[in-house]
Amino acid sequence: MTQRLHFVFGGELVDPQGTQFRNPDQIHMVGIFPDYKSAFAAWKAEAQRTVDSAHTRYFIAHLHRLRDEEREVSPTEELGN
């Protein structure tokens, strides 16, 4: 069975319409989750907790998309060489 990891993170943005963080050193790393359902639950909890802050946004990153297990070497591994 393929593992589909998801990473939930967020913080204050420069512009609420964009995706640039005001201070990348203060990004809140919520955690890595084994499936989308649990990642979505964590994302929703953080989004609701910070609903009064228009500049604060949370995101779900699909970590499983960073690696292509079917290829001998994935594009992300090639960047490190």
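As a convention, each chain's residues are numbered from 1 in the sequence order in which they are written. For a predicted model such as this one, the threshold for reporting local features is a pLDDT of at least 70, and the threshold for listing and counting side-chain atom pairs is 80 or more; totals across whole chains, interfaces and linings nevertheless cover every residue. To get the side-chain values, take all heavy atoms of the structure and skip hydrogens and water.

A. Structural context of the sheet that holds strand 1 (residues 6-12). In spatial order, the strands read 2-1-3; together these three strands make up an open sheet with antiparallel pairing. Sheet topology places strand 2 (28-33) and strand 3 (56-62) at the edges, where each strand pairs with a single neighbour. Taking the axes of each pair of neighbouring strands and ignoring which way they run, one obtains an average angle of 15° across the sheet. Strand pairing is assigned whenever DSSP identifies at least 2 bridges connecting the two strands. Strands here mean DSSP runs of E at least two residues long; helices mean DSSP runs of H or I at least four residues long; both are numbered from the N terminus. As paired strands, strand 1 and strand 3 are joined by seven bridges and run antiparallel to one another. Following the sheet pairing, Gly11 is matched in strand 3 by Arg57. Along the sheet, helix 1 (residues 36-49) makes contact with strand 1, strand 2 and strand 3, crossing strand 3 at roughly 170°. Inter-axis angles, ranging from 0 to 180 degrees, are taken between N-to-C directions of lines fitted to C-alpha atoms, where helices are fitted over the stretch in contact. In this analysis, two residues are considered to be in contact whenever any of their non-hydrogen atoms come within 4.5 Å of each other.

B. Seen up close, the nonpolar core. Within this scheme, the nonpolar core is defined by two criteria: the residues are buried Ala, Val, Leu, Ile, Met, Phe, Trp, Tyr or Cys, and they are joined through side-chain atoms within 4.5 Å. Type-normalised accessible area, obtained with a 1.4 Å probe on protein chains alone, sets the label of each residue: buried when under 20%, exposed when over 50%, and partly exposed for intermediate values. Ranked by size, the top nonpolar core spans five residues in total: Val8, Phe33, Ala39, Ala42 and Ile60. Residues in contact with Val8, not counting those within four places in the same chain, are His28, Met29, Val30, Gly31, Phe33, Ala39, Ala42, Trp43, Phe59 and Ile60.

C. View of the pattern of salt bridges. Salt bridge, as used here, is a side-chain nitrogen of Lys or Arg placed within 4 Å of a carboxyl oxygen of Asp or Glu. Scanning all chains against the criterion turns up two salt bridges. A salt bridge links Arg22 to Glu12; the nearest nitrogen and oxygen atoms lie 2.9 Å apart. Of this pair, Arg22 sits in the loop between strand 1 and strand 2 while Glu12 sits in strand 1, and the two are ten residues apart along the sequence. For Glu12, a relative accessible area of 41% puts it in the partly exposed group. A salt bridge links Arg49 to Glu46; its shortest N-O distance comes to 2.7 Å.

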